[in-house]
Amino acid sequence: REKMTNLSKEDLRALRVMVVDDDQSTRLLLRTFMEHLLFDDVTERENGETALKDLTRRHYDLIVTDLEMQPMNGWDFLHHIRHDPNVTNPYVPVILVTQHANRETVLRARDDGASAFVAKPVDFKNLQRTIMTVLSDARPFVKVDDYVGPDRRRKDKLPKGGKYQREDDYKW
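Residues numbered from 1 in each chain as written. Predicted model: local features only at pLDDT ≥ 70, side-chain atom pairs only at ≥ 80, totals over all residues. Heavy atoms only, no water.

1. Regarding the sheet that holds strand β4 (residues 94–98)
Part 1: Strand order in the open sheet formed by 5 strands is β2-β1-β3-β4-β5, with parallel pairing between adjacent strands. Each of the sheet's edge strands pairs with one partner strand only, and the pair in question is β2 (41–45) and β5 (116–119). In this sheet, neighbouring strand axes are inclined to one another by 20 degrees on average, regardless of whether the strands run parallel or antiparallel.
Part 2: Where β4 lies against β5, 4 bridges are found, and the strand directions are parallel. Bridged to I95 within β5 is A116.
Part 3: Across the sheet, helix α2 (residues 24–36) touches β1 (16–20), β2 and β3 (62–66), and the angle it forms with β2 is around 170 degrees.
Part 4: Relative to the sheet, helix α4 (residues 74–83) contacts β1, β3 and β4, its axis offset from that of β4 by approximately 175 degrees. (Pairing = 2+ DSSP bridges. Helix = DSSP H or I, 4+ residues; strand = E, 2+ residues; numbered from the N terminus. Axes fitted to C-alpha atoms, helices over the stretch in contact; angles between N-to-C directions. Contact = heavy atoms within 4.5 Å.)

2. Focus: the packing of aromatic side chains
Part 1: One pass over the full model with this rule turns up 1 aromatic pair.
Part 2: The ring of W75 has R108 lying over it, and the distance from NZ or CZ to the ring centre is 4.0 Å. (Phe/Tyr/Trp six-rings, centres within 6.5 Å; stacked < 30°, edge-to-face > 60°. Lys NZ or Arg CZ within 6 Å of the ring centre and 35° of its normal.)

3. A few points about the pattern of salt bridges
Part 1: Here the structure, examined in full by the defined rule, presents 12 salt bridges.
Part 2: Taking the shortest distance from any N to any O, the salt bridge between R31 and E44 comes out at 3.3 Å. Linking R31 in helix α2 with E44 in strand β2, this pair joins segments that are 13 residues apart in sequence.
Part 3: Taking relative accessible area as the criterion, R31 reaches 22% and is therefore assigned partly exposed.
Part 4: One salt bridge in this structure joins R57 and D54, with 3.9 Å as the shortest N-O distance. (Salt bridge = Lys/Arg side-chain N within 4 Å of Asp/Glu carboxyl O. Buried < 20%, exposed > 50% of the residue type's maximum accessible area, 1.4 Å probe, protein only.)

In short, the description is geometric, and any link to function would need to be established separately.
Here it is in structure tokens:
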């Protein structure tokens, strides 16, 4: 993925965004936030199942999705995005949104391949910062047996002792 720093208004307008939440008022709020961030092409869906159908037909550049939905929740939706061969862009940045923002949920989001995590109630400035961080993220995308998603290793977060286990871990 190419690093997208200093995104212009035109860059943002050209991106396709999908907002997925079963609560209509939350979808409206998130859509309004997206429009204030200058995204012109925003699609709303009420659950992961209907959203997934769109992802097999159209390329999206950013997805903001709730976790607690029926019939397909955000966890299953994220899994399909990353693993379904019919999805047009399995590398799309996915921001998970939930009111159950505990350590376990945040770690699971990271381990399931989410790009970022935002707690409800959603704050505009926090969401804006998260979106810009995710869109400018140049970490490589990793696809291995038990993980598909952005590389979880960070240069600024070295393991104890200050060294990774393998020499390959230093290649960015």
